[in-house]
Amino acid sequence: MSNDNAKQAAGYKAAELVEDGMKVGLGTGSTAYFFIEKLIERCKAGLKIEAIATSKKSSEQAEAGGIKLILPEQLQCLDIDIDGADEIDHHKQMIKGGGGALFREKIIACAAKEMIVVIDETKLVEKLGAHPLPIEITPYGHPSIIEKLRRLEVCGEVRRDGEKLYLTDNGNLILDANMGGYTQSLQELDQKILSIPGVIESGFFWNLAGRVVVGYNDGHAEVKESL
Ligand code: 5RP
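Residues numbered from 1 in each chain as written. Predicted model: local features only at pLDDT ≥ 70, side-chain atom pairs only at ≥ 80, totals over all residues. Heavy atoms only, no water.

The next subject is the environment of Ala14. If you trace the backbone, Ala14 turns up in helix H1 (residues 4–15). The spatial distance from the C-alpha of Ala14 to the C-alpha of Phe35 is 6.3 Å, given a sequence separation of 21 residues. Other than its neighbours up to four places away in sequence, Ala14 contacts Phe35, Ile82, Val118 and Val213. (Helix = DSSP H or I, 4+ residues; strand = E, 2+ residues; numbered from the N terminus. Contact = heavy atoms within 4.5 Å.)

The next thing to look at is the pattern of salt bridges. Pairing of side chains with opposite charge becomes possible as their charged atoms draw close. Inspection of every chain in the model, using the stated rule, returns 13 salt bridges. A salt bridge links Arg150 to Glu147; the nearest nitrogen and oxygen atoms lie 2.9 Å apart. Of this pair, Arg150 and Glu147 both sit in helix H5 (residues 142–151), 3 residues apart, roughly one helical turn. On the basis of relative accessible area, Arg150 is assigned to the partly exposed category, the value being 45%. Connected through salt bridges with shared partners, the residues Lys7, Asp120 and Lys123 form a single ionic network. (Salt bridge = Lys/Arg side-chain N within 4 Å of Asp/Glu carboxyl O. Buried < 20%, exposed > 50% of the residue type's maximum accessible area, 1.4 Å probe, protein only.)

For helix H3 (residues 56–64), the full list of buried residues reads Ser58, Gln61 and Ala62. End-on view of H3: buried residues confined to an arc of 95 degrees, all on one side of the axis. Away from the buried face of H3 by more than 90 degrees, exposed residues Glu60, Glu63 and Ala64 are located. Positive phi appears at Gly66, one or two residues downstream of H3, with a value of about 85 degrees. (Arc of directions from axis to C-beta.)

This part takes up the nonpolar core. Among the nonpolar cores identified, the biggest contains 26 residues, and Val18, Val24, Leu26, Phe35 and Ile49 are the most heavily contacted of them. Mapped onto this core, the elements with two or more residues apiece are H1, strand E1 (23–26), helix H2 (30–44), strand E2 (50–53), strand E4 (78–83) and strand E7 (112–120). Sort the elements by how many residues they give to this core and H2 lands first, with 5 residues. When sequence neighbours within four positions are dropped, the list of residues in contact with Val24 reads Val18, Phe35, Ile49, Glu50, Ala51, Ile52, Leu78 and Ile80. (Core = buried A, V, L, I, M, F, W, Y, C linked by side-chain atoms within 4.5 Å.)

Let us now look at the domain arrangement of the protein. When its domains are assigned, the protein resolves into domain 1 (4–126 + 206–217) and domain 2 (133–202). One C-alpha centre belongs to domain 1, the other to domain 2, and the line joining them spans 24 Å. Taken together, the contact between domain 1 and domain 2 spans 14 residues of the former and 15 residues of the latter. Counting the surface domain 1 buries against domain 2, the share from its top three residues, Leu102, Phe103 and Trp206, is 44%. Here domain 1 is connected to domain 2 by 1 salt bridge. Of the charged contacts, one joins Glu201 and Lys106 as a salt bridge, the two residues approaching to 2.8 Å between their closest N and O atoms. The leading source of residues in the side of domain 1 that touches domain 2 is helix H4 (residues 102–111), at 4 residues. (Domains from an automatic or database assignment. Buried area = accessible area lost by both parts, 1.4 Å probe.)

Next up, the structure:
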């Protein structure tokens, strides 16, 4: 069953949280798409903002809709960042990067005073790890990086795009790691993952989420401080 109704409800509700004069981070993915769509509508109706997107795709959507873009080399502090998630638990810890944009998503989330997460209700989980963990790695020497990850029991598939390897907007690869059976501290594991040379970023987003906008299939959405 498609949950487009829920994604749209969340995305549109999140666009209401943007205020005049704000500098805004624009997320990536199908829920963020609806957020940007509504934000464009609000800008056409007179809202004045500047924004920076977490992917080429979202950047193109925003630019086509006339949103004024901040260049990455000019990025400083943002007022808010509004982005999706693949999983979020009760402590608002997340797995992101299903759309391959995790590296830019983390830079932009960390630059923002608040990261607002937009999700449909299926993204709420008791425990992180059913969704594969995307890990961005350099193409250079990637089998050796994957071997170091394997020694941490972090194993998975290099993401593909048809016949070819999938490349991120940064020209890197994604390893989609299966975290299902991992029982130890994921935060400690993440420190080890990130210390491997050639690992650019992982899809764990610790302590970054502020408010969470949850969309439901009946078409309503709620802004939540806690989950
Ligand atoms: C992209 C992401 C997305 O925010 C995440 O995959 C959720 O996407 P969707 O809203 O399409 O379910 O992290 O890298």
